[in-house]
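Inside the fold
Now for the letters of each chain:
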Amino acid sequence: MHKRTLLSMMMVAALSVMTLAGCSGGGREGTSSSDSSTQEATEATDTASDADSGDEASSDSASSEGFEAGSPVGISLPWLGTQNWKEAETMFTEQLTEAGYEPIVQAADQKVPQQQQQIESMIENGAKVIVVGPVDGSQLGSVLEQAKDAGVYVIGYDRLIENTTGVDGVVQFGSVETGRLQGKALLDGLKAEKGDGPYNIELFGGGPADPNAPNFFTGAMEVLQPEIDAGNLVVVSGQTDFTQCATEDWDNSKAQKRMESLLAGNYSDKEIDGVLSPNDGIARAIITACEDAGQPIPVVTGLDAENESVKWVWEGKQYCTVAKPTQDLVAKTIEIIDSLQAGEGMPETDVKTNNGKIDVPIYELPPVVVTKDNAKEVFADDPDRMELLQ
Ligand code: BGC
């Protein structure tokens, strides 16, 4: 485990801004902001400020007297296809063991029935808390309600859990804010690297079943749509709806194929200047398709600070990524598990978002953009990633 003092300080600062502002979030997420200047934009899309009017997620439906120290804790991950989920698998296993729990960590290979079965077996095996990164945000309603009925606490991890009363809270990085950062970085990168506009761009989204994916896209389009309307950005294919741009199952090879066909169909006589990418794997697939088509490398965004992409950012091949450190998300989740174990219930949070059934408490951390210019600062306390910057 590595400490990231700078990043943590930035996060504490941003969290204090959120607390002081006392506001709630936009789109399908709670408030997020990595600096106060984005706060107004957040409030402008606020749809969760009516949080108090809905039902509350009940934090006392499981025993408020805590549970035995060595109890099983279930961790249900959607897949292990991107670095963040592999890191979560390792960190939860190690850190829950160190903290004296009995971890049951499973990944569902993007399959909803598999995830439902894994959660059922965690309940049968006596898990007191189940932490869930859903494959599909809205397909776990009944199994999680079963968990609640059995007195198990359910914590959403990295992704919102929708359409169910069976969730006590969600730990995540602001997802609309992540998209805003990606949109803004794309604009900054175009200005820095591609001369004067207008710029030719294309847009990609993540897996449509993942509640983060439409939120990332919404946040990015908040920044990009006005520039498209003003003619400063030209989406040459004309594909600007999330459904047209989404990448089923976050599958990099599907994104690569879409990029190849966009280039073949629209860019035989043009250069592509920039591409909005929702994460690092898709960013690398897009860049590879552009290289294969003999295009100059466009400005491409990303997410996750995956090792391969951190190297590409450092080499100037991928313009940026967004860091959402797994260890911070895991640490926050274990802090909540400890509070439940000690009988102190779910910690207080001002941020809530409606999941279609209840207002869910959100424990939100701010994401941070990483370009070549600030990479050494952002990763100063992360020796593994620092090693990639040579
Ligand atoms: C996570 C990203 C990840 C993506 C695909 C999203 O929900 O927030 O970190 O890249 O899923 O696994």
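So, here's what we can say about the structure.

1. A short note on the overall build of the chain
For the chain, the helix and strand inventory stands at 14 helices and 13 strands. A burial count over the chain gives 56% of its 390 residues as buried. For the chain, contacts bridging at least 24 residues in sequence account for 72% of all contacts bridging at least 6. Carbon and sulfur atoms make up 46% of the accessible area of the chain, which totals about 15,200 Å².

2. Examining the sheet that holds strand β6 (residues 199-203)
Read across the sheet, 4 strands follow the order β7-β6-β8-β9 without closing on themselves; strand pairing throughout is parallel. Of all the strands in the sheet, the pair left with one neighbour each is β7 (233-235) and β9 (299-300). Pairing analysis gives 3 bridges linking β6 to strand β8 (residues 274-276), with the strands arranged parallel. Looking at the pairing, isoleucine 201 lines up with glycine 274 of β8. In the packing of helix α6 (residues 175-193) onto the sheet, the strands contacted are β6, β7, β8 and β9, and the crossing angle to β8 comes to about 170 degrees.

3. Concerning the site of the ligand
In the region of the ligand, 13 residues are neighbours, and Asp158, Arg159, Asp210, Asp304 and Lys324 sit closest. Between the ligand and asparagine 212 there is a distance of 2.9 Å, counted from an oxygen atom to a side-chain nitrogen or oxygen. For the ligand, the accessible surface in isolation is 310 Å², of which the surrounding protein chains cover 100%. Mapped onto the shell around the ligand, the elements with two or more residues apiece are α3 (83-98) and α7 (212-229). Looking at the shell around the ligand, its residues break down into 4 nonpolar, 4 polar and 5 charged.

4. With respect to the sheet that holds strand β2 (residues 102-107)
Judged by pairing direction, the sheet is mixed, and its 7 strands sit side by side in the order β2-β1-β3-β4-β5-β12-β11 without closing on themselves. Each having just a single partner strand, β2 and β11 (352-354) make up the two edges of the open sheet. Averaged over all neighbouring strand pairs, the angle between strand axes comes to 25 degrees, with direction disregarded. Two elements, strand β4 (residues 153-157) and strand β5 (residues 169-173), share 3 bridges in a ladder whose sense is parallel. In the sheet register, tyrosine 157 faces β5, and the bridge partner there is valine 171.

5. Re the packing of helix α10 (residues 280-292) against helix α11 (residues 307-315)
Look at α10 against α11: their axes get within 9 Å of each other, and the N-to-C directions meet at 55 degrees. Here α10 lies oblique to α11, going by the angle between them. The chirality of how α10 crosses α11 is left-handed. In this structure, α10 uses Asp280, Arg284, Ile287 and Thr288 to contact α11, whose residues at the interface are Glu308, Ser309 and Trp312. Residue classes in the contact of α10 with α11 are distributed as 2 nonpolar, 2 polar and 3 charged.

6. Structural notes on the packing of aromatic side chains
Under the counting rule described, the total for this entry stands at 4 aromatic pairs. Measuring from ring centre to ring centre gives 5.3 Å for phenylalanine 92 and tyrosine 157, while their planes differ by 70 degrees; the resulting arrangement is edge-to-face. Taken together, the residues span a long stretch of sequence, with phenylalanine 92 in helix α3 and tyrosine 157 in strand β4 at a distance of 65 residues. Taking relative accessible area as the criterion, phenylalanine 92 reaches 0% and is therefore assigned buried. One aromatic cluster in this structure is built from Trp85, Phe92 and Tyr157.

7. Points about empty space enclosed by the protein
Scanning all chains against the criterion turns up 3 cavities of 30 Å³ or more. What the largest cavity holds in volume is close to 120 Å³. Lining the largest cavity are 14 residues, and of these Asn84, Trp85, Arg159, Trp250 and Asp304 sit closest to its centre. Contributions of two or more residues to the lining of the largest cavity are made by α3 and α7. Its residues placed into classes, the lining of the largest cavity shows 5 nonpolar, 4 polar and 5 charged. Estimated volume of the second largest cavity: approximately 60 Å³. Residue lining of the second largest cavity: 12 residues in total, with Asp304, Lys324, Pro325, Thr326 and Arg385 positioned closest to the centre. When residues of the lining of the second largest cavity are traced back to their parent elements, those giving at least two are α3 and α12 (326-341). For the lining of the second largest cavity, the per-class residue count stands at 4 nonpolar, 3 polar and 5 charged.

About the thresholds
- Residues numbered from 1 in each chain as written.
- Predicted model: local features only at pLDDT ≥ 70, side-chain atom pairs only at ≥ 80, totals over all residues.
- Heavy atoms only, no water.
- Helix = DSSP H or I, 4+ residues; strand = E, 2+ residues; numbered from the N terminus.
- Buried < 20%, exposed > 50% of the residue type's maximum accessible area, 1.4 Å probe, protein only.
- Contact = heavy atoms within 4.5 Å.
- Areas by Shrake-Rupley, 256 points an atom, 1.4 Å probe, with all protein chains shown as cover.
- Pairing = 2+ DSSP bridges.
- Axes fitted to C-alpha atoms, helices over the stretch in contact; angles between N-to-C directions.
- Near = heavy atom within 4 Å.
- Polar contact = N/O pair within 3.5 Å; in protein donor to acceptor, adjacent residues only side chain to side chain.
- Nonpolar A, V, L, I, M, F, W, Y, C, P; charged D, E, K, R; others polar.
- Parallel < 35°, antiparallel > 145°, perpendicular 65-115°, else oblique.
- Left-handed = near helix turned anticlockwise from the far one by under 90°.
- Phe/Tyr/Trp six-rings, centres within 6.5 Å; stacked < 30°, edge-to-face > 60°.
- 1 Å grid on protein atoms, 1.4 Å probe; cavity = no way out; pocket = protein on both sides within 12 Å on 5 of 7 lines; lining within 4 Å.
- Points joined across faces, edges and corners; volume = space filled by probe spheres on them.

Purely spatial values, then, with no claim about function.
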